[in-house]
Each structure stands twice: as structure tokens, then as C-alpha cells.
Amino acid sequence: MHSQILSLAFATLAVGHGIITSPTARSAGAAMEAVCGQQVTNNLQSNEYGDIQQLIQIGSSQQDFDPASCDVSLCKGLQFDDNTANIQNFTAGQVVPIKIDLQAKHTGTANVSIVDTASNTMISKQLIYFPVYASTATDIPKNQTQFNITIPDVSSQCNTAGACVVQWWWDSRESNQTYMSCIDFSMT
Ligand SMILES: *[C@@H]1O[C@H](CO)[C@@H](O)[C@H](O)[C@H]1NC(C)=O
Ligand SMILES: *[C@@H]1O[C@H](CO)[C@@H](O)[C@H](O)[C@H]1NC(C)=O
Ligand SMILES: *[C@@H]1O[C@H](CO)[C@@H](O)[C@H](O)[C@H]1NC(C)=O
Ligand SMILES: *[C@@H]1O[C@H](CO)[C@@H](O)[C@H](O)[C@H]1NC(C)=O
Ligand SMILES: *[C@@H]1O[C@H](CO)[C@@H](O)[C@H](O)[C@H]1NC(C)=O
């Protein structure tokens, strides 16, 4: 009971800040709860825009959160098994329009890359990179929230859904907040 009240309080206080809205990005579900515990999953379900530092902070007081199994540095801990209904079929050279919703600004950097989920490493060079992203000093340029990426040939590594994700990563050292959003795909 206590933990539920705590979770609601966090959900109300925390304003989330960024997510991919198209194509459909990973979201939380039962598989995440099994890996990341109840509170961290509840928090992300009620506030899917949130940052990973907040998840670590919430998780640190929870018995069912183990940072070794719930790796929030990959897709915020969101799990493939909760997202099997949203698998994109990409081809090499395909131009994919990406839409991001930013609810607040925190000056940082951002990129989109293809990440091998088993090792949590980038397997392509960055598909796009923003050296200054969501700056508090300016309006947000439209090309930071609507842009194209061109998918490289990753058919040897990414021919099975779940093996790879397209990950958008926005890191603000100014606020110590890191945001991710992931698209599941396969390339055969
Ligand atoms: C950033 O957040 C992490 C996770 O909450 C924390 O461990 C770290 O000390 C913070 N770093 C700074 C510079 O505030
Ligand atoms: C990808 O291909 C599979 C198998 O042909 C299909 O079931 C699925 O709907 C496709 N996904 C999308 C997003 O079109
Ligand atoms: C790009 O994003 C990845 C996470 O997806 C991160 O590990 C990497 O450091 C970022 N690259 C740069 C140059 O910021
Ligand atoms: C976005 O547009 C600005 C001009 O408004 C340009 O300087 C910048 O290079 C563009 N960024 C990308 C990643 O295309
Ligand atoms: C993305 O590419 C398509 C053509 O492949 C183009 O029509 C569209 O304007 C591009 N979008 C952006 C935001 O650059």
C-alpha cells in the first residue's frame, strides 16, 4: 500500500520530457515488471516520458529492482516481450521519418543509432547527431522533433526481432537527465 501511494506521488510530481511518437516506440508491460520491479514499471507506465535517473532513484528503494537485470541504459528498461505487436520491417536504405514529442527543454546532445540489445552497443554509426539539443536558450528547431533517418544494412545482425532497436537518446548534463525511446524492428 505504501509503495502505491509513493508511486502516485512520483507520477504527479514528475513531468516527463521526451519520447518518440512515430513509429510506435516501446512501452511498459508485464515483461518489464518481471525484470524491473513494480514501482519502476508503474512510474514509466504513468509517465512514459520520464528520465532514467528518476527510474534509478525510485528503484533504489525497491526490493524488486536489481540494476544488474533491469538495465535502464537500454531503452529505459522497456522490454521487447511487451512490444511484439509493434515490430517494424525495415529494409537497407529505407528512409524512416521519426517524430519526437518534447514536453520540456534541457540543453543536451542527442542521437539516433541502431543498438544491439544483447550487448547494449551501437552497431551502426550514428544515423543522426545533434550537438546541441532542446536548448533552453532557443525555440526547439523543427528538425529536432521531425527528421528522417536512413537505415543501414544491418540484415546480418538484426534479422530477428528483438536483436536490435533503433534508439533515440537525449542526454542533458545540465539537468543530469537522460531520455531514450526505442523502436523494435527486424531486417530480413
Ligand atoms: C545523476 O543521477 C544519477 C542517478 O540518479 C546519480 O547517481 C548521479 O550522482 C547524478 N549526477 C549528478 C552530477 O548529479
Ligand atoms: C512486419 O512483417 C510481419 C510479417 O510479414 C507483419 O506481421 C507485420 O505486421 C509487419 N509490421 C509492420 C509494422 O508492418
Ligand atoms: C549516442 O547514443 C548512444 C546511446 O544510444 C550513446 O551511448 C552514445 O554515447 C551517443 N553518442 C554521442 C556522441 O553522444
Ligand atoms: C537543423 O536545422 C538547423 C538550421 O535550423 C541546421 O543548422 C542543423 O544543421 C540542422 N540539423 C540537422 C541534424 O539536420
Ligand atoms: C523525409 O524524406 C522524405 C522523402 O524520402 C521527404 O519527402 C520528407 O520531406 C523528409 N522529411 C524531413 C523532415 O526531412
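Look up: the structure comes first, before these words.
Residues numbered from 1 in each chain as written. Chains lettered and ligands numbered in written order. Predicted model: local features only at pLDDT ≥ 70, side-chain atom pairs only at ≥ 80, totals over all residues. Heavy atoms only, no water.

> What should I look at first to understand the sheet that holds strand β3 (residues 95-102) in this one?
Spatially, β1-β3-β7 is the arrangement adopted by the three strands of the open sheet, whose pairing is antiparallel. Across the chains shown, the open sheet's two edge strands, defined by having one partner strand only, are β1 (18-22) and β7 (146-150). The mean angle between the axes of side-by-side strands here comes to 40°, regardless of whether they run parallel or antiparallel. The pairing of β1 with β3 spans four bridges and is antiparallel. Note on β3: the bridge partner recorded for Ser22 is Lys99. (Pairing = 2+ DSSP bridges. Helix = DSSP H or I, 4+ residues; strand = E, 2+ residues; numbered from the N terminus. Axes fitted to C-alpha atoms, helices over the stretch in contact; angles between N-to-C directions.)

> When you look at the nonpolar core in this model, what are you seeing that I'm missing?
Within soluble globular proteins, side chains that are nonpolar generally end up buried alongside one another. Membership of the largest hydrophobic core comes to 27 residues, with the highest contact counts inside it found for Tyr133, Ile149, Val166, Trp168 and Phe185. For this core, the secondary-structure elements that each account for two or more residues are β3, β4 (108-116), β6 (128-133), β7, β8 (164-172) and β9 (177-186). Core analysis: the next-biggest nonpolar cluster, separate from the first, contains 18 residues, Cys36, Val40, Ile58 and Val165 among them. (Core = buried A, V, L, I, M, F, W, Y, C linked by side-chain atoms within 4.5 Å. Buried < 20%, exposed > 50% of the residue type's maximum accessible area, 1.4 Å probe, protein only.)

> Explain the state of the cysteines here, please?
A covalent bond bridging the sulfur atoms of two cysteines is what the word disulfide describes. All chains considered together, the criterion is met by three disulfides. Sulfur-sulfur distance for the disulfide between Cys36 and Cys70 comes to 2.0 Å. Of note, the bridge from Cys36 to Cys70 carries an S-S torsion of about 90° and is right-handed in sense. Placement of the pair is Cys36 in helix α2 (residues 30-36) and Cys70 in the loop between α4 (52-59) and β2 (87-89), with a sequence separation of 34 residues. Bridging Cys158 to Cys164, the disulfide has an S-S length of 2.1 Å. Its torsion about the S-S bond being -80°, the disulfide of Cys158 and Cys164 is classed as left-handed. The class for Cys158 is buried, based on a relative accessible area of 0%. The exposure class of Cys164 is buried, given its relative accessible area of 1%. Among the cysteines of the protein chain that take part in disulfides, numbered as they appear in the sequence, the pairing is 1-2, 3-6, 4-5. (Disulfide = S-S within 2.5 Å.)

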